[in-house]
Structures are given as structure tokens and as C-alpha cells.
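Here is what each chain is made of, one letter per residue.
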Amino acid sequence: MKKFQQALKRIMVVTAIVMLSGTTLSLPSTTVQAKSLKHELYQTENDELKYSKEIVREVFKTLRREMKGPLRYDEAISLIEKMSKVEVMDRYLASYGKKVDAKEIPRIVNQIYSIDLERISELGAGNQTYPDEIIQGVKESLPKWLDEEDIPSLSKLEVLDLYLASYGKKIDGPEIRRVLNQIFGINLDGISSLEGSGVSLFSKDQWISQYDQDLFVVQTGLTDVDVWIYPTDYFTAQTDLEQLPEELQNQLKKLGYRYNEEVGALYYADPDGNSVPDQFKGQTLGTLIQFIQTNYQNLL
């Protein structure tokens, strides 16, 4: 029975590979089959793929079109693993073949970025006001029993759905990310660049970006009005420092941060109670990343 189960498992894996590659299984090419099978088994059993099988499959299709030639599954995996999340998202959407439904966007973002837009919407986190462009698009799609005054009471997912209903054309990756930033306060382009930077980001009550060898954490409140920064456990274990290095603290204080005893970290709050703008977030992240590259590159 055990041998039968193992054989069945191998058959299922080979079948999956054939479906992904879009080619016909050729029994004589045993070496290639064995290599692909070994790779697929390794990835599946150890759960080391960065993205879901759906994402990998669709990005694989786009890569094959771009290369205009044969591409083995293991070669595609290697390429995909090296891509930024922005590149993966754009190539996934390029394979989509139809206008993206607003209800599909949270699933796509979750699979690529591991960010839960539905939870952000439920919490009412992120931006508290919308740009005029978003308001105008939503107004054009509002049902008759609602008017502009009702827009602030809509969930962010409802705002996204109504805005895209008025968009009127197929929307690409860069435009989706721009719209999501305007509605949810999530800068997916910026988040994509955090991988390997040494900076973790906790925002909207969830980890937006986090890796084992990150050195510092940037955390924001639900509505992005306030920000605090502190070292990771990994940084403390490597340096014996329980606070941010003094030089880094001085650089951040020039941006307006101050040490807050209650949270035990450098802290900033917008004086007018507004969400912190992208420019300020960019200055903060840029300061941290530059400091890491200058002083702690060896820890990454």
C-alpha cells in the first residue's frame, strides 16, 4: 500500500508539471522528467515556493510568452523567486486576459504580498479621506439610493468596487497599485522594495513586510496618524543594543521623531491628526535603509 501511495503521488506530481508546462509528456526523456519531478516534489514537500501555485502558473505563462522559446519549470521558478513583488504582480495580471474584477484584487494582493485588504476594510484602517479623483469615480457608480455624503460610511472594498466600476477600461498593475494606495493607504510599490532592506513594516494591524533578518521595525497606527520605530529581536541579538543606535536616533529626530517612554520607541504623530503622507514615510524608510547599508550590511 505504501509503495502504491508513493507511486500515485509521483504520477500526480508529474501530471501537475505537464499541466503547468503545457507540453505533452514524452516517456523517453526520463532525465528531464526526473529532474522536474525532483524539483516539484522538493518545492511541494518543503513548502518553499514564495507564491501560490496559481500565481506561479500564470507568471510562468507570461514568462514563456516573453522569452518566445522553451522554458523549463525549474528555470521559471528560479526567475520568479528573484523577481520583486511588483514584477510578479504585473506578470500575473498580464496573463489574466480580462478586465480585473474589483473582488479579485484582494485575493491577488493577498497571494503576492500576504496583505489582507479585507481586514483593512473591516477595521476602517488607512486613509480617512479620499482624493477628488476617487470621490468622483465613486459618485458615478453610486446606486440611486446613495449620494456623495454617504461615501465616508462605505467600506474601502465598496469604494474600490464602485471606483473600478466607473473606470471603464482594463486596469494594469501600476494603476491598480496607485488606486489601492489612494483608498487603503497601502503603497505596494514601496513595500515591494523593502524585501532585503532590513526594515519590517507593521501597519493596519498586520505585518505588511517582515523577514527574519530585518533589523528595525516601522509600526503605524490604524489610521497612519502616528509612527513608531524600534529594533528587532534579531538586531538586539546581533549587536546587544536594545534601543536604536544613537546616530540613527539623531537622524530620525531631524524628521520630527521623539523618544516616547510609553511605547519605548522613537515616535511621531501628525500634529493635525491626519494620516502621515507618503513623502514622510519615504523619508523615514530611506533614512533607515541608508543607515543599514552604511553600518549593518553584514547582518542582512
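Not measured: the values here are computed from a predicted model. (Residues numbered from 1 in each chain as written. Predicted model: local features only at pLDDT ≥ 70, side-chain atom pairs only at ≥ 80, totals over all residues. Heavy atoms only, no water.)

K.L.:
Explain helix α3 (residues 53-67) here, please?
P.N.:
Residue pairs spaced three or four apart in an α-helix point in one direction, given the helix's 3.6 residues per turn. If you check α3, its first and last C-alpha atoms are 21 Å apart, about what 15 residues at 1.5 Å a residue would give, namely 21 Å. Every buried residue of α3 is accounted for by I55, V56, E58, V59, F60, T62 and L63. Within two residues after α3, K68 carries a phi angle of roughly 50°, on the positive side. (Helix = DSSP H or I, 4+ residues; strand = E, 2+ residues; numbered from the N terminus. Expected span 1.5 Å × (residues − 1). Buried < 20%, exposed > 50% of the residue type's maximum accessible area, 1.4 Å probe, protein only.)

K.L.:
Got a minute to help me understand the environment of T287 in this structure?
P.N.:
Its location among the elements puts T287 in helix α14 (residues 278-295). The exposure class assigned to T287 is buried, which follows from its relative accessible area of 16%. Along the chain, T287 and L255 lie 32 residues apart, while their C-alpha atoms are 9.5 Å from each other. Excluding anything up to four places from it in sequence, T287 contacts L248, Q251, L252 and L255. Of note is the side chain of T287, whose polar atom sits 2.8 Å from the backbone oxygen of Q283. (Contact = heavy atoms within 4.5 Å. Polar contact = N/O pair within 3.5 Å; in protein donor to acceptor, adjacent residues only side chain to side chain.)

K.L.:
Quick question: what am I supposed to make of the pairing of strand β6 (residues 265-269) here?
P.N.:
Regular strands show a simple pattern: their side chains alternate between the two faces of the sheet. As judged from the four bridges shared by strand β4 (residues 226-231) and β6, these two strands associate in the antiparallel manner. In the strand pairing of β6, V227 is matched with Y268. The pairing of strand β5 (residues 258-260) with β6 spans three bridges and is classified as antiparallel. Directly across from N260, in β6, lies its bridge partner A265. Taken together, β5 and the strand that follows it, β6, pair antiparallel across an intervening segment of four residues, in which G264 is found at a positive phi of about 65°. (Pairing = 2+ DSSP bridges.)

K.L.:
Before we go on, may I ask you to explain the side chain of S95 in this structure?
P.N.:
Along the polypeptide, S95 turns up in the loop between α5 (85-94) and α6 (105-113). At a separation of 3.1 Å, a polar atom in the side chain of S95 contacts the side chain of E58. Each residue touching S95, except ones within four places of it in the same chain, is listed here: E58, T62 and R65.

K.L.:
Help me understand unusual backbone geometry in this model?
P.N.:
Most peptide bonds take the trans configuration, and most residues that are not glycine carry a negative phi. Although it is not a glycine, D205 sits at a positive phi angle of roughly 65°. By secondary structure assignment, the location of D205 is in the loop between β1 (199-203) and β2 (206-209). According to the relative accessible area criterion, D205 is partly exposed, its value standing at 36%. The phi dihedral of D224 falls on the positive side, at around 65°, and the residue is not glycine. Note on placement: D224 falls in the loop between β3 (216-220) and β4.

K.L.:
What is the right way to look at the packing of aromatic side chains in this model?
P.N.:
Each aromatic ring pair is specified by the distance between its two centres and by the angle formed by the two planes. Inspection of the entire model under this criterion finds ten aromatic pairs. On the numbers, 5.9 Å between centres and 80° between planes, the contact of F60 with Y73 is edge-to-face. Of the two residues, F60 is situated in helix α3 and Y73 in helix α4 (residues 73-82); the sequence distance between them amounts to 13 residues. Assigned by exposure class, F60 and Y73 land together as buried. Among the aromatic residues, those joined into a cluster by ring pairs are F216, F235, F291 and Y296. (Phe/Tyr/Trp six-rings, centres within 6.5 Å; stacked < 30°, edge-to-face > 60°.)

K.L.:
Even after reading the chapter, I still don't get the packing of α3 against α5, so can you show me in this structure?
P.N.:
Orientation of α3 relative to α5, taken along the N-to-C sense of each, is 80°, at an axis distance of 8 Å. As the angle between them shows, α3 and α5 are arranged roughly perpendicular. Across the interface between the two elements, E54, I55, E58, V59, T62, L63, R65 and E66 from α3 touch V88, R91, Y92 and A94 from α5. Each residue belonging to the contact of α3 with α5 can be placed in one class, and the counts come to six nonpolar, one polar and five charged. (Axes fitted to C-alpha atoms, helices over the stretch in contact; angles between N-to-C directions. Parallel < 35°, antiparallel > 145°, perpendicular 65-115°, else oblique. Nonpolar A, V, L, I, M, F, W, Y, C, P; charged D, E, K, R; others polar.)

K.L.:
Teacher, can you tell me more about the sheet that holds β3 here?
P.N.:
Pairing is mixed in the open sheet, where six strands are placed in the order β2-β1-β3-β4-β6-β5. A strand with exactly one partner marks an edge of an open sheet, and here the two such strands are β2 and β5. Strand-to-strand twist of the sheet, defined as the mean angle between neighbouring strand axes without regard to direction, takes the value 30°. Inspection of the sheet shows β1 paired to β3 by four bridges, in the parallel sense. Each bridged residue has a counterpart across the sheet, and for S200 the counterpart in β3 is V217. Where helix α13 (residues 246-253) meets the sheet, its contacts fall on β3, β4, β5 and β6, and the angle it forms with β6 comes to roughly 5°. In this fold α14 packs onto β1, β3, β4 and β6, with an angle of close to 170° to the strand it touches most, β3.

K.L.:
What is the right way to read the packing of α13 against α14 from this model?
P.N.:
Angle between the axes and distance between the axes: these two values describe a pair of packed helices. Look at α13 against α14: their axes get within 11 Å of each other, and the N-to-C directions meet at 155°. If you check the angle between α13 and α14, you find them roughly antiparallel. α13 and α14 meet at a crossing whose hand is right-handed. Across the interface between the two elements, E247, L248, Q251 and L252 of α13 pack against T287, L288, F291 and N295 of α14. Taken together, the residues that form the contact of α13 with α14 break down as four nonpolar, three polar and one charged. (Left-handed = near helix turned anticlockwise from the far one by under 90°.)

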